Amino acid sequence: MHYLKSKNGNTYLLLVIFSCIFFIASCATKLYIPSEANVSADVSLTDLQKGRKIYTNKCSNCHDLHLPHEYNHDEWIEKVNKMQARSFVDDESKNLILLYLWNAPPAKKK
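Just so you know, these numbers come straight off a predicted model, no measurement behind them.

A. Summary view of the side chain of S87. With respect to the element layout, S87 can be found in helix α3 (residues 73-87). Judged by its relative accessible area of 18%, S87 is buried. There is a polar contact of 2.9 Å between the side chain of S87 and the backbone oxygen of M83.

Laid out in structure tokens, this is it:
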């Protein structure tokens, strides 16, 4: 595939693609994965899983993902509302993202 090679023969495009995949995967692994321990009367495991998927897929397109404990309840509302129009997220998806972020376990102390 000659279109993947730069002038010096390196596979520049493949390098960029693999770097992006690695970067996204490494950020996503720091986020909690919802389990039954995060479920309450107000939120289901399915909703938390959907919220995580939307958060990792939509929000990482433009910037690094923030860990849930980086902001409090009100700050997350403000940030997600601000980003909603930019990322073409509907209200249902926005609410799932917020549920995921709000129901994170407490940050582990170092």
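Once the structure has been displayed, the description carries forward.
B. Summary view of the confidence of the model for the protein chain. For the protein chain, the average pLDDT comes to 82, and 73% of its residues sit at 70 or higher. Here helix α1 (residues 12-30) stands out as the least confident element of the protein chain, with mean pLDDT 56; helix α4 (residues 91-102) is the most confident, with 97. Every residue in residues 23-28 scores below 50 in pLDDT, and together they form 4 contacts with partners more than four places removed in sequence or on other chains.

C. Examining the side chain of N38 more closely. Relative to the helices and strands, N38 resides in the loop between α1 and α2 (45-58). Under the relative-accessibility criterion, N38 is labelled buried at 11%. Polar side-chain contacts of N38 include one of 3.5 Å to the backbone oxygen of N103. Those residues in contact with N38 that sit more than four places away from it in its chain are Y32, I33, V43, L48, N103 and P105.

D. Local environment of the environment of A104. With respect to the element layout, A104 can be found in the segment after α4. For the pair A104 and I33, spaced 71 residues apart in sequence, the C-alpha to C-alpha distance is 8.8 Å. Residues in contact with A104, not counting those within four places in the same chain, are Y32 and P68.

E. Up close: the packing of aromatic side chains. For the coordinates displayed, the defined rule picks out 4 aromatic pairs. With a centroid separation of 4.5 Å and 5 degrees between ring planes, the pair formed by Y32 and Y100 is classed as stacked. Here the residue Y32 occupies a position in the loop between α1 and α2, and Y100 occupies one in helix α4, the gap between them amounting to 68 residues. A relative accessible area of 11% places Y32 in the buried class. Given a relative accessible area of 0%, Y100 falls into the buried group. Taking 5.0 Å as the distance between ring centres and 85 degrees as the angle between the ring planes, the aromatic pair formed by Y71 and W76 counts as edge-to-face.

Thresholds, definitions, all that
Residues numbered from 1 in each chain as written. Predicted model: local features only at pLDDT ≥ 70, side-chain atom pairs only at ≥ 80, totals over all residues. Heavy atoms only, no water. Helix = DSSP H or I, 4+ residues; strand = E, 2+ residues; numbered from the N terminus. Buried < 20%, exposed > 50% of the residue type's maximum accessible area, 1.4 Å probe, protein only. Polar contact = N/O pair within 3.5 Å; in protein donor to acceptor, adjacent residues only side chain to side chain. pLDDT = per-residue confidence, 0-100. Contact = heavy atoms within 4.5 Å. Phe/Tyr/Trp six-rings, centres within 6.5 Å; stacked < 30°, edge-to-face > 60°.

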